[in-house]
Amino acid sequence: MEAGMVTPAPALVRFSSIQKTYDGEHLVVKNLDLDIRKGEFITLLGPSGSGKTTTLMMLAGFEVPTHGEIYLADRPIKNVPPHKRDIGMVFQNYALFPHLTIAENIAFPLSVRKSNKAETQERVSAALRMIKMETLAHRRPGQLSGGQQQRVALARALVFNPQLVLMDEPLGALDKRLREQMQLEIKQLHETMGITIVYVTHDQSEALTMSDRIAVFNDGIVQQIDRPDALYEHPVNSFVAHFIGENNVLAGTVETMEKNYCRVALAGGGTVTARAVNVSDAGASTSLSVRPERVSIVPDGTSGEGPNRLPARVQNSIYLGDHALAVLDVAGNAEFMVKLQPGAHHSLRPGETVSITFRPEDCLALDPV
Ligand SMILES: Nc1ncnc2c1ncn2[C@@H]1O[C@H](COP(=O)(O)OP(=O)(O)O)[C@@H](O)[C@H]1O
Ligand SMILES: [Mg+2]
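Because the structure is a prediction, the values reported are computed rather than measured.

Can you walk me through the overall build of the chain in this structure?
Scanning the chain from terminus to terminus reveals eight helices and 20 strands. A principal-axis box enclosing the C-alpha atoms of the chain has dimensions of 80 × 50 × 45 Å. Among the 369 residues that make up the chain, the fraction classed as buried is 47%. Sequence separation of 24 or more characterises 66% of the internal contacts of the chain that already satisfy a separation of 6 or more. Roughly 18,000 Å² of accessible area belongs to the chain as shown, and the carbon and sulfur atoms make up 50% of that amount. Distance from the positive charge centre (36 side chains) to the negative charge centre (41 side chains) of the chain: 7 Å.

Right, dumping it as structure tokens:
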């Protein structure tokens, strides 16, 4: 091995050429190759209907792939039933047994696995401590809040020390504050227990907060698998650029290419220099992507001609507490957003003309949308 090379953790799960159709015609998972490393927190992120739950269900063993094979610790698992896969699961709707107490709910996976009484008691107590609900052991699910019920579901998924835990939109039913608190709790559990978690969500900020890596799904195809910061800074196509974070789009045509950059003539007038991400030829149409926080507004009449300086008409400005947004009309995009310091919006008058500027490296030439 080369000196200094880092060996990635071995794959705990491997999806190999996985396809899935429910009706025999339409593939809802198209050709999935995905390695999940031991110990990582990986999130499947994508819009509703993009195949996330189907992927998770095939890993759990509740759905069968139409084609391909899934390996768990190097063992093909197509013919291994769900309860023999050593996988814990948490769903959005908790799926607790209403007639059992909290302690009995948590003990359930242990009884399925024929754990003895002493061990069961010990593990259930530890799980109750973990979710800080020792005093509520004898209540029933109906006597708990949504957040408490989800903690119980979490404890139940973890109580038998599974090598892998799958979570499908587990916080979807909770309000924003509780959701954000639980995100941190789950992340902390992941770190202290060293387990592998495969998490499904359609919420990009949740994915960014929690994950070591994110696989972005669209229409049954993984668009990109990367660390959160890499997805944000280096999206490989327009879909990822739009799905992760806020994004301004300018339509244009590539005029010239030079190494990793290109000159682009905007459909709405003007020319800018952009990073050539997935355009390759002069003459190609492209969608430029620019993040709102990477744009500056310069008062009109200021001297200086940067490579990317465009006239903009102020439409509106919005105060949002910790920051403000200017809504501008830029090259035919009437909803071009620029992030400002709070208060900076006071100096912008609707109808006024200003100039904006952004660095070539902050402007990505992507596939047309
Ligand atoms: N049991 C099922 N039978 C038939 N079609 C299904 C079933 N489950 C999901 N689908 C379809 O498969 C596609 C992917 O669904 P799903 O995996 O649930 O997506 P996601 O979790 O990303 O919202 C959708 O078009 C959905 O309607
Ligand atoms: Mg789903």
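Could you clarify how one ought to interpret the side chain of K52 in this entry?
With respect to the helices and strands, K52 occurs in helix 1 (residues 52-60). Nearest to the buried, unbridged K52 among oppositely charged side chains is E169, at 4.5 Å. Among residues more than four places away in sequence, those in contact with K52 are L44, L45, G46, P47, E169, V200, T201, H202 and F217.

Would you mind going over the domain arrangement of the chain with me for this structure?
By a widespread convention, an interface's size corresponds to the accessible area lost as its parts come together. Along its sequence, the chain is organised into domain 1 (11-238) and domain 2 (246-366). If you average the C-alpha positions of domain 1 and of domain 2, the two centres end up 39 Å apart. Facing eight residues of domain 1, the contacting portion of domain 2 comprises nine residues. Across the domain 1/domain 2 interface, buried area totals approximately 720 Å², and carbon plus sulfur atoms make up 37% of it. Between domain 1 and domain 2 we count one salt bridge in total. Put simply, E233 and R294 hold a salt bridge, and the shortest N to O gap is 2.9 Å. At the surface where domain 1 touches domain 2, the tally comes to six residue pairs in polar contact (both at pLDDT 80 or more). Counting residues per element, the side of domain 1 that touches domain 2 draws most heavily on helix 7 (residues 228-233), at three residues. The residue inventory of the side of domain 1 that touches domain 2, partitioned by class, reads four nonpolar, three polar and one charged.

Just checking my understanding: could you explain the pattern of salt bridges for this structure?
Side chains that differ in sign of charge can pair as their charged atoms come close. With the rule as written, the count across this model stands at 15 salt bridges. With its nearest N and O atoms 3.1 Å apart, the salt bridge here joins K176 to E180. Of this pair, K176 and E180 both sit in helix 5 (residues 176-193), four residues apart, which is roughly one turn of that helix. Exposure remark for E180: the relative accessible area of 38% places this residue in the partly exposed category. In this structure, the salt-bridge partner of R294 is D362, at a minimum N-O distance of 3.5 Å. Here R294 is found in the loop between strand 14 (285-290) and strand 15 (296-298), whereas its partner D362 is found in the loop between strand 19 (353-357) and strand 20 (363-366), with 68 residues between them in sequence. By relative accessible area, which is 26% here, R294 ends up partly exposed. Salt bridges sharing partners connect three or more residues here, namely E233, E293, R294, R359, E361 and D362.

Mind showing me how you'd approach the sheet that holds strand 18 (residues 333-340) here?
As a general point, the strands of a sheet are linked pairwise by backbone hydrogen bonds and lie either parallel or antiparallel. The five strands are arranged 15-19-16-17-18 in an open sheet whose pairing can be described as antiparallel. Sheet topology places strand 15 and strand 18 at the edges, where each strand pairs with a single neighbour. Averaged over neighbouring strand pairs, the angle between their axes works out to 50° when direction is ignored. Sheet topology places strand 17 (residues 324-330) next to strand 18; six bridges connect them, and they run antiparallel. Note on strand 18: the bridge partner recorded for L325 is K339.

What counts, and where the lines are drawn
- Residues numbered from 1 in each chain as written.
- Chains lettered and ligands numbered in written order.
- Predicted model: local features only at pLDDT ≥ 70, side-chain atom pairs only at ≥ 80, totals over all residues.
- Heavy atoms only, no water.
- Helix = DSSP H or I, 4+ residues; strand = E, 2+ residues; numbered from the N terminus.
- Buried < 20%, exposed > 50% of the residue type's maximum accessible area, 1.4 Å probe, protein only.
- Contact = heavy atoms within 4.5 Å.
- Areas by Shrake-Rupley, 256 points an atom, 1.4 Å probe, with all protein chains shown as cover.
- Lys, Arg positive; Asp, Glu negative; His and termini not counted.
- Charge placed at Lys NZ, Arg CZ, Asp CG, Glu CD.
- Salt bridge = Lys/Arg side-chain N within 4 Å of Asp/Glu carboxyl O.
- Domains from an automatic or database assignment.
- Buried area = accessible area lost by both parts, 1.4 Å probe.
- Polar contact = N/O pair within 3.5 Å; in protein donor to acceptor, adjacent residues only side chain to side chain.
- Nonpolar A, V, L, I, M, F, W, Y, C, P; charged D, E, K, R; others polar.
- Pairing = 2+ DSSP bridges.
- Axes fitted to C-alpha atoms, helices over the stretch in contact; angles between N-to-C directions.

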